[in-house]
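# Observations on the model geometry
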Amino acid sequence: MLWIALFIIVASIVAVVGCYWAVTSAAEGRMFTDVSKTPERRVALLLGTSPIGRSGKPNQFFLRRIDATAKLYKAGKFSKLIISGANRPEEFNEPEEMKAALVRQGVPGSIMQLDGEGFRTINSIVRAKDVYGADSILIISQEFHNQRALFLAKHKGIEAVAFNASNTSSRKWRIKMLMRESLARVKATIEAMGL
């Protein structure tokens, strides 16, 4: 029994590390942090997140994605924007909140399409192509999220690049996010395989 348990533990670690590496590798050369060097795409896909964090304070991921999107638009990097996130009437509507924040920064609401069915990253990616007809996109989120989104886009036949919005400066949150992302990448690998 001990050997079986040890084998399962080792196999699990290998699977997690393998999935993490596969997702990271798929994004190599396709992520940008400099607005001026970011390729232009007709359509950008802004991945949603809640405006308020679990602490009850403004979500830094939300604010930094908004800033990045506004800068990219003003630099002429896209002309259409899909905002994809969760629409939970009892809590918040991520696309609507993001739209309002972007309008306040001078991005016209007329270029935005709101997708309230983006409850998971794969939903956002697949719907960008199947519902909104975008097979070439500029994804906007933080680096850890963009890597996973690019991996999924590649496996779903979507030509994509990504812009990395600034990450949080909290070391505690980064460690927590690393642990969460490790499991999310295993799930993304399974989703990409269509299992």
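What comes next is a walk through the structure. Being a predicted model, the structure only gives us computed values, none of them experimental.

This part takes up helix H3 (residues 94–104). Listed in full, the buried residues belonging to H3 are Glu94, Pro95, Met98, Ala101 and Leu102. The buried residues of H3 occupy an angular sector of 130° when the element is viewed end-on, so they sit on one face. On its buried face, H3 sits against strand S2 (43–47), helix H2 (60–74), strand S3 (80–84), strand S4 (87–88), strand S5 (92–93) and strand S6 (112–115). Where H3 begins, the capping side chain belongs to Asn93, and its oxygen is found 3.1 Å from the backbone nitrogen of Glu96. Of the residues one or two after H3, Gly106 is the one with positive phi, at around 95°.

With parallel pairing, the 6 strands of this open sheet are ordered in space as S1-S8-S7-S2-S3-S6. With partners counted over all chains shown, the strands left at the sheet margins are strand S1 (31–32) and S6, one partner each. Inspection of the sheet shows S1 paired to strand S8 (residues 159–165) by 2 bridges, in the parallel sense. Opposite Phe32, over in S8, you have Phe163 as the bridge partner. Along the sheet, H2 contacts S2, S3, strand S7 (136–142) and S8; its crossing angle with S7, the most-contacted strand, is approximately 140°. Packed on one face of the sheet, helix H4 (residues 121–130) meets S2, S3, S6 and S7 and runs near 165° to S2.

Now for the packing of aromatic side chains. Following the criterion strictly, the structure yields 2 aromatic pairs and no others. Arranged with centres 5.7 Å apart and planes meeting at 80°, the rings of Phe61 and Phe144 form a pair that is edge-to-face. Linking Phe61 in helix H2 with Phe144 in helix H5 (residues 143–155), this pair joins segments that are 83 residues apart in sequence. Under the relative-accessibility criterion, Phe61 is labelled buried at 7%. A ring pair is formed by Tyr73 and Phe78, whose centres lie 5.7 Å apart and whose planes are at 50°; its orientation type is tilted. Looking at Tyr73, the relative accessible area reads 23%, which means it is partly exposed. A relative accessible area of 4% means that Phe78 is categorised as buried.

The rules behind these values
Residues numbered from 1 in each chain as written. Predicted model: local features only at pLDDT ≥ 70, side-chain atom pairs only at ≥ 80, totals over all residues. Heavy atoms only, no water. Buried < 20%, exposed > 50% of the residue type's maximum accessible area, 1.4 Å probe, protein only. Helix = DSSP H or I, 4+ residues; strand = E, 2+ residues; numbered from the N terminus. Arc of directions from axis to C-beta. Contact = heavy atoms within 4.5 Å. Polar contact = N/O pair within 3.5 Å; in protein donor to acceptor, adjacent residues only side chain to side chain. Pairing = 2+ DSSP bridges. Axes fitted to C-alpha atoms, helices over the stretch in contact; angles between N-to-C directions. Phe/Tyr/Trp six-rings, centres within 6.5 Å; stacked < 30°, edge-to-face > 60°.

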